[in-house]
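Observations on the three-dimensional arrangement
The residues making up each chain are set out below.
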Amino acid sequence: MRLDNIGFHYGKEWSLMGIDLSLRSGEILGILGPNGSGKSTLLKIMDGIINPIEGEISIDNRPFRDIKRSEFARQVAMVAQENHFRFSFTAAEVALMGRYPHLRRLQFEGIRDMEIAFNALKSTQTLHLADRSIHDLSEGEKQRVFIARALAQEPRIILLDEPTSFLDLKFKREIFMLISTLCREKDISVALVSHDIDLTAQYCHRVVMLKNGQVHAEGPPDEVITVANIEKVYECPVTVDMNPTSGRPRVSII
Ligand code: ADP
Ligand code: MG
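Our subject in this report is the structure included herewith. (Residues numbered from 1 in each chain as written. Chains lettered and ligands numbered in written order. Predicted model: local features only at pLDDT ≥ 70, side-chain atom pairs only at ≥ 80, totals over all residues. Heavy atoms only, no water.)

Residue placement: Asp113 occurs in helix 4 (residues 111-123). A distance of 2.8 Å separates a polar atom in the side chain of Asp113 from a polar atom in the side chain of Arg99. A distance of 2.8 Å separates the side chain of Asp113 from the backbone nitrogen of Gly110, its partner in a polar contact. With near-sequence residues (within four places) excluded, Asp113 lies in contact with Leu96, Arg99 and Leu103. (Helix = DSSP H or I, 4+ residues; strand = E, 2+ residues; numbered from the N terminus. Polar contact = N/O pair within 3.5 Å; in protein donor to acceptor, adjacent residues only side chain to side chain. Contact = heavy atoms within 4.5 Å.)

Okay, the site of ligand 1 next. Inspection of the region around ligand 1 gives Tyr10, Ser15, Pro34, Asn35, Gly36, Ser37, Gly38, Lys39, Ser40 and Thr41 as its neighbouring residues. Ser37 places a polar main-chain atom, nitrogen or oxygen, 3.2 Å from an oxygen atom of ligand 1. With respect to ligand 1, the side chain of Thr41 contributes an N or O atom lying 2.5 Å from an oxygen atom. Relative to its free-state accessible area of 560 Å², ligand 1 is covered by the protein chains to the extent of 54%. At three residues, the largest contribution of residues to the shell around ligand 1 is made by helix 1 (residues 39-46). (Near = heavy atom within 4 Å. Areas by Shrake-Rupley, 256 points an atom, 1.4 Å probe, with all protein chains shown as cover.)

Leu160, Leu192 and Ile225 are the most contacted members of the largest nonpolar core, which totals 51 residues. By residue number, the principal contributor to this core is helix 5 (residues 139-152), which donates seven residues. Setting aside its immediate chain neighbours within four residues, Leu192 contacts Ile28, Leu29, Gly30, Ile31, Leu160, Phe176, Ile179 and Cys204. Of all hydrophobic cores here, the second largest spans 28 residues; its members include Phe8, Leu29, Phe64 and Ile67. (Core = buried A, V, L, I, M, F, W, Y, C linked by side-chain atoms within 4.5 Å. Buried < 20%, exposed > 50% of the residue type's maximum accessible area, 1.4 Å probe, protein only.)

What describes a pair of aromatic rings is the distance from one ring centre to the other and the angle between the planes of the rings. All chains considered together, the criterion is met by six aromatic pairs. Taking 4.7 Å as the distance between ring centres and 70° as the angle between the ring planes, the aromatic pair formed by Phe64 and Phe72 counts as edge-to-face. Exposure remark for Phe64: the relative accessible area of 12% places this residue in the buried category. Linked through ring pairs, Phe85, Phe87, Phe89 and Phe146 together constitute an aromatic cluster. Sitting above the plane of the Phe171 ring, Lys170 keeps its charged end 5.3 Å from the centroid. (Phe/Tyr/Trp six-rings, centres within 6.5 Å; stacked < 30°, edge-to-face > 60°. Lys NZ or Arg CZ within 6 Å of the ring centre and 35° of its normal.)

Before going further, it helps to examine the packing of helix 4 against helix 5. Contact geometry of helix 4 with helix 5 gives a least axis separation of 8 Å together with a crossing angle of 135°. Between helix 4 and helix 5, the angle falls in the class oblique. Crossing of helix 4 over helix 5 shows right-handed handedness. Of the residues in helix 5, those touching helix 4 at Ile116, Ala117, Ala120, Leu121 and Ser123 are Ala148, Leu151 and Ala152. In terms of residue class, the contact of helix 4 with helix 5 is made up of seven nonpolar, one polar and no charged. (Axes fitted to C-alpha atoms, helices over the stretch in contact; angles between N-to-C directions. Parallel < 35°, antiparallel > 145°, perpendicular 65-115°, else oblique. Left-handed = near helix turned anticlockwise from the far one by under 90°. Nonpolar A, V, L, I, M, F, W, Y, C, P; charged D, E, K, R; others polar.)

Given below as structure tokens:
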């Protein structure tokens, strides 16, 4: 996916400006930045939910506007920050929703769709939750079911908006490990927004740091996650050293 000089505003103020970015095949791209820096807006543009006001966005050199929504959904899946269901769907039904872009109009899901949905639950270790209502699951379990729904879509690209925000350490790690495995084994490219800078450093191949709707820095984790960049972008004093196990940068707030 390629973004060329993307700009967007909701009201008068620009929420994104001059964004040049690419998501490469098979990579995990981490998107960092403080609250309100434009991360979710960027992800929504990458998901085609909102159209850029300036610039162009394309997959395989095909502009988004030339790709039909149903075809697009077979390429790109989103795990949004908030997922509200008014109806008490089961985990299996939520995963099965991922098959929707593959169905023809008024067509019901078939055995193959069920198989794909159940395999997606299996890959995210939520198969045992298949019959449980989505409302009754823990945050970690829910997040894994939403990733299963994205997987059932069989996309080439998965976008995730703060997938680990409400999770404890173990579940944060598990989600990052799951994303890493999916990327490696299913050749899916991932762009994820996170406030977990250390885990982003550890699991992402490349990182982009946003400030006021613009790219402040972009590159491998050890080039982007530096004291200078973090203090400038997050306006918070920190030290950065190296995680002795992963060799990736590690941030401590002073
Ligand atoms: P982040 O995800 O980094 O916290 P957002 O992309 O949500 O940032 O927001 C970027 C900017 O756009 C903020 O200034 C925010 O107030 C504004 N914004 C986001 N969504 C809307 C909206 N629906 N209507 C108006 N302004 C919005
Ligand atoms: Mg956001």
